[in-house]
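Single-letter residue listing:
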Amino acid sequence: MNSLAEIGRVLRANQRFAILSHVRPDGDALGSQLALGLSLEQLGKEVAIWNEDGMLDKYSFMAGAERLSRPPSEPQDFDVAVALDTATQNRLGTAAAAIRTAKTWVNIDHHPSNPRYGDLVFIDPVAPATGQILFDLMCAAEMPVDPAIAENLFVAISTDTGSFQYPNTTARTFEIGAELIRRGANVGRLSQLLYESYPLRRVELLRDLLSTMRIAAHGQVASFSLSLELAAKLGVKPEDNEGLIDHLRAIHGVVVAVFFEELLEGKVRVSMRSKSDAADVCAICERFGGGGHKLAAGARVRGTLPEVEQRVLAAICDVIDCNS
Ligand code: AMP
Ligand code: MN
Ligand code: MN
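A quick note: this is a predicted structure, and the numbers were derived from the prediction, not measured. (Residues numbered from 1 in each chain as written. Chains lettered and ligands numbered in written order. Predicted model: local features only at pLDDT ≥ 70, side-chain atom pairs only at ≥ 80, totals over all residues. Heavy atoms only, no water.)

Burial along strand 6 (residues 120–123) is two-sided: Leu120 and Phe122 facing one way and Val121 and Ile123 facing the other are all buried. Relative to strand 6, strand 5 (residues 99–109) runs parallel, the two being bridged by 4 bridges. Looking across to strand 6, one finds that asparagine 107 is bridged to valine 121. (Buried < 20%, exposed > 50% of the residue type's maximum accessible area, 1.4 Å probe, protein only. Helix = DSSP H or I, 4+ residues; strand = E, 2+ residues; numbered from the N terminus. Pairing = 2+ DSSP bridges.)

Written out as structure tokens, the structure is:
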């Protein structure tokens, strides 16, 4: 692993950058990309900020959002390509294919399952968000953190910590949050945009998902499922369901929450959350070719919705004591 100071020196010494993150991006992916991209631009660098899915509508309020786009079909050359918040290289999707050459690949992430790909690597599995690592990087390398960058880092950290609530939230997370507020992040405004501006169809989706809710293992496992048919009926976008799983995790007694989403290509996206270190959902998802964190993980599993539900719920029962 490399130090943040070392990575900072390489960032300062080069000129052309591609800043990438994972498919189906979340607030940490997008906020981290924009924060690093804007900071490098202020240092006079040429910066491309690409993501397979481009900017999502619901995050389009973020400062500099117009700078983030889908990758071009014609690959380009860079000095440095940076992968942020991306547990495996293939989760960069089409963004990776748009890099014809990069002298140096940098991998900055907080997923314990990250296999440490790239030339310069900084993985902190204890950091609650990639945005928190970037704040430390920007301090170590004396990079600009203006109000726009502070806002993006705040969004990254707030969304990956469930608004500073999850167990990975530490005193340091609050200290960085406070520093970002001092540097111009407006908590009330950002929280309203993030958590109180959902489209109505997201709540309609929640209503229908709750009617598919299944409770197993004597109340320790809760799941619900989104079929392609229901998604089409409600006209939902993939981004609409981010966070809905928290309603299952919030149930008293539930240890593992699972969200099954039928995908077009004969696969099911499985999203898992745990409330106990004893139920490591990353390990369960790794059995299905996925990964993530101990308490939040995912996988894409081939099969029909009922098949995948049955296999995944059985695998959870292998791990937690379903008879107690
Ligand atoms: P999600 O449930 O999609 O919000 O993802 C929860 C966590 O699991 C995130 O940290 C993701 O990076 C990780 N994750 C989700 N899907 C996959 C996958 N197919 N492979 C590896 N990691 C994943
Ligand atoms: Mn992410
Ligand atoms: Mn993250």
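What follows is about the site of ligand 1. As a matter of local geometry, ligand 1 sits amid 14 residues, with His111, Arg269, Ser271, Arg273 and Ala297 nearest to it. Within the side chain of histidine 111, a nitrogen or oxygen atom sits 2.8 Å from an oxygen atom of ligand 1. At a separation of 3.3 Å, an oxygen atom of ligand 1 approaches a polar backbone atom of glycine 298. Considering ligand 1 on its own, with 480 Å² of exposed area, one finds that the protein chains cover 83% of that surface. Sorting the residues of the shell around ligand 1 by element identifies strand 10 (267–274), strand 11 (291–292) and strand 12 (296–302) as the ones contributing at least two each. With 5 residues, the top contributor of residues to the shell around ligand 1 is strand 12. For the shell around ligand 1, a count of residues per class yields 3 nonpolar, 7 polar and 4 charged. (Near = heavy atom within 4 Å. Polar contact = N/O pair within 3.5 Å; in protein donor to acceptor, adjacent residues only side chain to side chain. Areas by Shrake-Rupley, 256 points an atom, 1.4 Å probe, with all protein chains shown as cover. Nonpolar A, V, L, I, M, F, W, Y, C, P; charged D, E, K, R; others polar.)

A separate point is the coordination of the manganese ion (ligand 3). For the manganese ion (ligand 3), the protein coordination sphere consists of Asp28 (OD), Asp85 (OD), His110 (NE2) and Asp160 (OD), at 2.1 to 2.2 Å. Sequence spacing of the donor residues for the manganese ion (ligand 3), all on one chain, is D-x56-D-x24-H-x49-D. Separating the manganese ion (ligand 3) from the manganese ion (ligand 2) is a gap of 3.6 Å, bridged by aspartate 85, which donates to each. Of the two residues, aspartate 28 is situated in helix 2 (residues 27–42) and histidine 110 in the loop between strand 5 and strand 6; the sequence distance between them amounts to 82 residues. Neither aspartate 28 nor histidine 110 differs from the other in exposure class; each is buried. (Donors = N, O, S within 2.8 Å, 3.2 Å for Na, K, Ca; no water.)

Now for the sheet that holds strand 1 (residues 16–21). Strands belonging to one sheet form pairs held by backbone hydrogen bonds; the direction of such a pair is parallel or antiparallel. Taking strand neighbours across the sheet as the criterion, the 6 strands line up as 3-2-1-4-5-6 in an open arrangement whose pairing is parallel. Looking at which strands have only one partner, the edges of the open sheet turn out to be strand 3 (68–69) and strand 6. As judged from the 8 bridges shared by strand 4 (residues 76–84) and strand 5, these two strands associate in the parallel manner. The partner of phenylalanine 78 across the bridge, within strand 5, is alanine 102. Each of strand 1, strand 4, strand 5 and strand 6 touches helix 1 (residues 4–13); the most contacted strand, strand 6, lies at about 135° to it. Set on the sheet, helix 4 (residues 130–140) makes contact with strand 4, strand 5 and strand 6; between it and strand 5 the angle comes to about 100°. (Contact = heavy atoms within 4.5 Å. Axes fitted to C-alpha atoms, helices over the stretch in contact; angles between N-to-C directions.)

On to the sheet that holds strand 10. If you trace the 6 strands from one edge of the open sheet to the other, you get 7-8-9-10-12-11, paired in mixed fashion. Edge strands, defined here as strands with exactly one partner in the open sheet, are strand 7 (214–216) and strand 11. Bridge count between strand 7 and strand 8 (residues 221–226): 3 bridges; the pairing is antiparallel. Among the inter-strand pairings, alanine 216 is bridged to a residue of strand 8, identified as valine 221. In this fold helix 8 (residues 200–210) packs onto strand 8 and strand 9 (256–262), with an angle of close to 120° to the strand it touches most, strand 8. Along the sheet, helix 12 (residues 305–319) makes contact with strand 7, strand 8, strand 9, strand 10 and strand 12, crossing strand 9 at roughly 160°.

So, on to the side chain of serine 39. Here serine 39 shows up in helix 2. For serine 39, a relative accessible area of 0% corresponds to the buried category. In contact with serine 39, other than residues within four places in its own chain, are Met138, Met143, Pro144 and Ile149.

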